[in-house]
Amino acid sequence: SFAARRAGQQKVDGLFAKVTHCTDSSSCLAVKIPREWYMSGKYCPVGRDTNRGMVYLLNGTTHRRTLYLVQHKREMDGPIEGCDDGKYLLRERNLQSDVVHPDKGYFELKGIVRACLDRDFAKTAASGTNSFAELSTGSCEAPVIKAAPAEEEDPLIVQPLVVDNPATVDPADYWLHPCQCVPEGWKGEPASPESTGGIPPGSGNRFIPPPLDLVEGQFVCDVEHLIDVKFETPDELLEKKMCESRCRDNPDCHFFWHGSQHEANTCRLYSGCDNLVREFGISGFLTALPRGMMCQIANPEACWSSSMRRDFLTRLEPETCASHVCSGNKRRVPNAGRVPCAYPYQAGQTCSDATCCRPGQGQGLAETRADAGGAAGPNQTAGLQRRRAEHIPDFYYLHLHQQCDSALLLGGVGLNSCARPTYADPNSHKWEHKTEMPQHFQHGDELSVSCWDERYVGLLAPQPPQEEALVQTTDGGGCLCSDGI
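Sequence order as written defines residue numbering, which begins from 1 separately in each chain. Two thresholds apply to this predicted model, a pLDDT of at least 70 for residue-level local features and 80 or more for giving and counting side-chain atom pairs, whereas whole-chain, interface and lining totals are computed over all residues. Where side-chain values are given, they derive from all heavy atoms of the structure, hydrogens and water being excluded.

Undergrad: Whenever I open this one, the sheet that holds strand E15 (residues 255–261) confuses me. Can you help?
TA: Each strand in a sheet pairs with another by means of backbone hydrogen bonds, the pair being arranged parallel or else antiparallel. Here, any two strands with at least 2 DSSP bridges between them count as paired. Under the scheme used here, helices are H or I runs from DSSP no shorter than 4 residues and strands are E runs no shorter than 2 residues, and both carry numbers assigned from the N terminus. Pairing within the open sheet is antiparallel, and its six strands lie in the order E14-E16-E15-E18-E12-E24. Both edges of this open sheet fall to strand E14 (226–231) and strand E24 (415–418), since each of them pairs with a single strand only. Strand after strand, the sheet turns through a mean of 20° between neighbouring axes, direction not considered. The pairing of strand E12 (residues 212–217) with E24 spans three bridges and is antiparallel. Across the sheet, residue Glu216 finds its bridge partner in E24, namely Ser417. When checking whether two residues touch, look at their non-hydrogen atoms; a contact exists if any pair is within 4.5 Å. Each axis is a line fitted through C-alpha atoms, taken for helices only over the stretch in contact, and angles between the N-to-C directions span 0 to 180 degrees. Docked against the sheet, helix H5 (residues 240–249) engages E12, E14, E15, strand E16 (264–270) and strand E18 (282–288), running at close to 150° with respect to E15. Packing of helix H9 (residues 398–409) onto the sheet brings it into contact with E12, E15 and E24, and relative to E24 it is tilted by some 135°.

Undergrad: Is there a simple way to think about the nonpolar core in this case?
TA: When a protein is soluble and globular, its nonpolar side chains tend to lie buried together. Grouped together as the largest cluster of nonpolar side chains are 23 residues, with contacts concentrated most on Leu214, Val215, Phe255 and Leu276. Excluding residues that lie within four positions of it along the chain, Phe255 makes contacts with Leu214, Cys221, Cys247, Arg268, Leu269, Tyr270, Gly272, Cys273, Thr287, Ala288, Tyr397 and Leu400. The set of buried Ala, Val, Leu, Ile, Met, Phe, Trp, Tyr and Cys residues whose side-chain atoms join them within 4.5 Å is what this entry labels a nonpolar core. Residue exposure (1.4 Å probe, protein chains only): buried if accessible area is under 20% of the type maximum, exposed if over 50%, otherwise partly exposed. Core analysis: the second largest hydrophobic core is formed by 15 residues, Tyr38, Met54, Leu67 and Leu90 among them.

Undergrad: When you look at the state of the cysteines in this model, what are you seeing that I'm missing?
TA: Each disulfide is one covalent bond, formed between the sulfur atoms of two cysteines. By convention in this document, the label disulfide applies to cysteine sulfur atom pairs within 2.5 Å. Under the counting rule described, the total for this entry stands at ten disulfides. Paired through a disulfide, Cys247 and Cys253 show a sulfur-sulfur distance of 2.0 Å. When the S-S torsion is -100°, as for the bridge of Cys247 with Cys253, the disulfide is left-handed. Between Cys326 and Cys357 runs a disulfide, and the two sulfur atoms are separated by 2.1 Å. Sign of the S-S torsion, about -95° for the bond between Cys326 and Cys357, identifies this disulfide as left-handed. Separated by 31 residues along the polypeptide, Cys326 in the loop between strand E20 (319–320) and strand E21 (331–332) and Cys357 in strand E23 (residues 357–358) bring together distant segments of the chain. Here Cys326 and Cys357 have matching classes, each one buried.

Undergrad: It is not clear to me how unusual backbone geometry should be interpreted in this structure. Could you clarify?
TA: At the junction of Glu189 and Pro190, the peptide bond is cis and its omega measures out at 0° in the coordinates. Among the secondary structure elements, Pro190 is positioned in the loop between strand E11 (161–164) and helix H4 (193–197). Unusually for a residue other than glycine, Asn205 sits at a positive phi of about 60°. Structurally, Asn205 can be placed in the loop between H4 and E12. Phi is positive for His262, which is not a glycine, with a value near 55°. Take His262: its relative accessible area is 64%, and that puts it in the exposed class.

Right under this line is the structure:
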């Protein structure tokens, strides 16, 4: 069954599709001619000749590739060397000499004969025993299942209908969220041209990105992570590229700030950046220098506006130190349940001894319970917990994007612009299997359609998962649908 295949509980050795109305007048033939690729293809019926049966046609791109498949009759075609009466001919269409009247059952074909096939060609094709031909079921265009926006001025950022191929294990084969890493070669929505254009060819969207400007304005990193400060002098210019080179040459440098400080170009190097700090009298760019493999998400702006800003403003359950087990003889900090140590969707961030532990004797069971029980914090508030969205990856620099957006919401004083989450951990979600929906499907292909559940979830109360509907293509070009879709 459909549900069993999705759950991986049923092994399928072979699949058979029932072809309705299977007759020689409605079914095409897939013909394969060894070493003659231009004569191979799908020959479909065009009419029945009263003297020699069904006539098939291969519509090619040129006259040489446009061929008729028809039974050879000596009294109509004349003698043809090497082709006995009753065999089948492949002959070119001749627009000047051919006389074709399908409604009257009359076909007089004068084109060049390109091949002669065995007389049992048509009979054995239906049983699949012929090495040159097999029945070809009809295909149909992809169903139109995209939701239209309510108004032209209100475009849909994320398509609310999630389309999946139930024959595969990975989810949402034909649907991409703006926050997900975009497969290389993806051309349509929701991927932005800037995102697809920034992927190095042949990288598979796994690469070390260029520097990313996080914040423009009067904001720098906290002084605890400051490595070095360098000022421009009359003898030495200090452009942004030079600041980047100084950071790149220092293996401990992961962020740098370049701008004007008291009318002098300044370069600051940082080993980390926990918080954005505003300084008066400066103006410049705070930039991250990626040093590991990352992936480019599909659409940073749409990702932030559709999902991540809402998640940031409503998510109330950061992981706390109450869940961390200290190593050695260390013990957890007091009120560990109130100390956040990791946030959802933050790549490379985990609860650690540095945040949650202090020197001392090992922690006993009673103290462990006391620390956890004392956390009357947000992650124990009934009804406010929300499950992690499977389509959202772990982002790099997410906490800085959130802090910058918070400053914008509070008026944006000292702030010119904020970057949106752009790079993610390529191993934090499933995305490489995704493809854009094909334009055509074969008879019997199945699609499952469900709702993008995040669109219909309230801010506080959790919602049950959405049900899937099954869509099956048919030989007539339509769809057989279930669950009211």
